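# Structural characterization, general
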Amino acid sequence: MASPMRSLVADPDRYLQSFRLFLERSTEHQSMQDFVERQLPDVIVSIGNGKSTINVLSVGGGAGEMDLQILSKIRARYPGVTINNNVIEPSADQISKYQEHVAQASNLENIKFTWHKETANEYESRMNAEKKTKKWDFIHMIQMLYYVKDVPATLRYFHSLLESQAKLLIILVSGKSGWETLWKKYGSSFPLQDLCTFVSSADLPRMLDAAGLKYQLYELPSHLDITSCFTEGDKDGELLLDFLTETLDFAKTAPPELKRQLMEELRKPGCSEIRDGKVFFNNNLGVIVIEP
């Protein structure tokens, strides 16, 4: 009998391994970089007007690659202004990678970094306990909303921290991506822990409309090469399957029928495109920019 399926986040090392492979095999960072280059300058055009200090909050900043690119755009728009960049990140490993990236970067004059090893919920609890309401000029949450228990409440809380010219930027998987197809169909079969919910850009307008918030939506094309997932016993393929299903050793522990159906689904047009014998999973991203 197959051993029971367990959540991938139960093994932080394997989770990071699968995440790094995902970044290597996907155009995720390239498509975000493209957005930062082309569209972010318009988003941040007035966040620092008349200010000598710009306060930026990164919620779930990870290893900081995207954070540093965002900060370089803010710095270019407001030369000479001091930028206070606060990072909320629960993984000590990711924080130390972030600190390494900062140490290696050259163009960070006038930027001050503060790291908080905590989750978004822990940050909110700490601020409430200290009776603090610090306001921010720019808040961003990149690929982190899956890890909060109450998405609408989290959105409302961080929106309440925006200054009058500020923006809240959210990036997560698109409602038009293969993730949406896969998780809507099979998500209930995956062994999710409390800290993991499936949410896509298709879910946000309903929540934001209910809260009466103004926002803009963008779609970013991205893909992930999952060809190796179809080679039985391929170590990289197994890691990618773990990442796609958030399941530890999915290939070895999933019931055979679930595995068969899922592997079939991954080849279908709702999830992927087959080009030159390779299978490219639709990894499109949705960007939501929320007004104060």
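The residue numbering used here restarts from 1 in each chain and proceeds along that chain's sequence as written. The predicted origin of the model limits local features to residues at a pLDDT of at least 70 and limits the giving and counting of side-chain atom pairs to 80 or more, whereas totals for whole chains, interfaces and linings rest on all residues. Only hydrogens and water are removed before side-chain values are computed, so all heavy atoms of the structure are retained for them.

In the nomenclature of an unreviewed UniProt entry, the chain is known as HNMT methyltransferase of Sterrhoptilus dennistouni. On record in UniProt, under Subunit (unreviewed entry), the comment for the chain is "Monomer." UniProt positions are given in the numbering used here, feature names are shortened, and annotations may be inferred rather than shown by experiment.

### Some details on the packing of aromatic side chains
Centre distance within 6.5 Å is the pairing criterion for rings of Phe, Tyr and Trp, where only the six-membered ring of Trp is used; planes under 30 degrees apart are then read as stacked, over 60 as edge-to-face, and the remainder as tilted. On inspection of all chains with the given rule, the structure shows 18 aromatic pairs. Taking the centre distance of 5.0 Å and the plane angle of 80° together, the rings of tyrosine 157 and phenylalanine 158 count as edge-to-face. Whether a residue is buried, partly exposed or exposed follows from its accessible area with a 1.4 Å probe, protein chains only, as a fraction of its type maximum: under 20%, in between, or over 50%, in that order. Taking relative accessible area as the criterion, phenylalanine 158 reaches 0% and is therefore assigned buried.

### With respect to the nonpolar core
Each nonpolar core is a collection of buried residues, namely Ala, Val, Leu, Ile, Met, Phe, Trp, Tyr and Cys, held together in the definition by side-chain atoms within 4.5 Å. Ranked by internal contacts, the top residues of the largest apolar core, which has 62 residues, are Leu145, Phe158, Ile170 and Leu204. In terms of residue count, strand 6 (residues 162–173) provides more of this core than any other element does, six residues in total. Should any heavy atoms of two residues lie within 4.5 Å, those residues are counted as being in contact. Beyond its immediate sequence surroundings of up to four residues, phenylalanine 158 is in contact with Leu57, Val59, Ile88, Ala120, Tyr123, Ile139 and Met141. If you look at the next biggest cluster of nonpolar residues, it comprises 31 residues, including Ile54, Val56, Met66 and Ile70. In DSSP terms, a helix is any run of H or I states spanning at least four residues, a strand is any run of E spanning at least two, and both are numbered starting from the N terminus.

### A closer look at empty space enclosed by the protein
A probe matching the size of a water molecule, rolled over the atoms, marks out where space remains unfilled. Cavity: a set of points on a 1 Å grid over the protein atoms alone where a 1.4 Å probe fits but cannot get out. Pocket: an open set with protein on both sides within 12 Å along at least five of seven lines, its lining residues, like those of a cavity, having an atom within 4 Å of a point. Grid points are joined across faces, edges and corners, and a volume is the space filled by probe spheres set on the points. Scanning the model with the defined rule gives one cavity of 30 Å³ or more in all. Its boundaries defined by the atoms lining it, the largest cavity holds a volume of some 30 Å³. Note on residue classes: Ala, Val, Leu, Ile, Met, Phe, Trp, Tyr, Cys and Pro are nonpolar, Asp, Glu, Lys and Arg are charged, and everything else, Gly too, is polar. Here the residues of the lining of the largest cavity are counted per class, giving six nonpolar, no polar and one charged.

### Description of the sheet that holds strand 7 (residues 215–220)
Read across the open sheet, the seven strands follow the order 4-3-2-5-6-12-7; overall the sheet is mixed. The open sheet is flanked by strand 4 (111–116) and strand 7, the only strands paired with a single partner. For this sheet, the mean angle separating the axes of adjacent strands, direction not counted, is 15°. Pairing between strand 3 (residues 82–88) and strand 4: six bridges, direction parallel. At least two bridges found by DSSP between two strands is the condition for calling them paired. The angle between two axes is taken between their N-to-C directions and runs from 0 to 180 degrees, where each axis is a line fitted to C-alpha atoms and a helix contributes only its stretch in contact.

### What to know about the side chain of aspartate 242
For aspartate 242, the position within the fold is in helix 10 (residues 235–245). A residue is classified by how much of its surface remains accessible, and aspartate 242, at 1% relative accessible area, is buried. In contact with aspartate 242, not counting residues within four places along its chain, are Leu8, Arg14, Thr247, Leu248, Asp249 and Phe250.

### Digging into the pattern of salt bridges
A pair is scored as a salt bridge if a Lys or Arg side-chain nitrogen falls within 4 Å of a carboxyl oxygen belonging to Asp or Glu. In this structure the tally under the stated criterion is 22 salt bridges. Notably, a salt bridge pairs glutamate 265 with lysine 268, separated by 3.8 Å at the nearest N-O pair. Residue class for glutamate 265 comes out buried when judged on its relative accessible area of 5%. Lysine 268 sits in the partly exposed class, given a relative accessible area of 38%. The closest approach of N and O atoms between arginine 275 and glutamate 273, which form a salt bridge, is 3.1 Å. Here arginine 275 falls in the partly exposed class, since its relative accessible area comes to 32%. Accessibility expressed as a relative area gives 45% for glutamate 273, which makes it partly exposed. The network of salt bridges with shared partners includes Arg14, Asp242 and Asp249.

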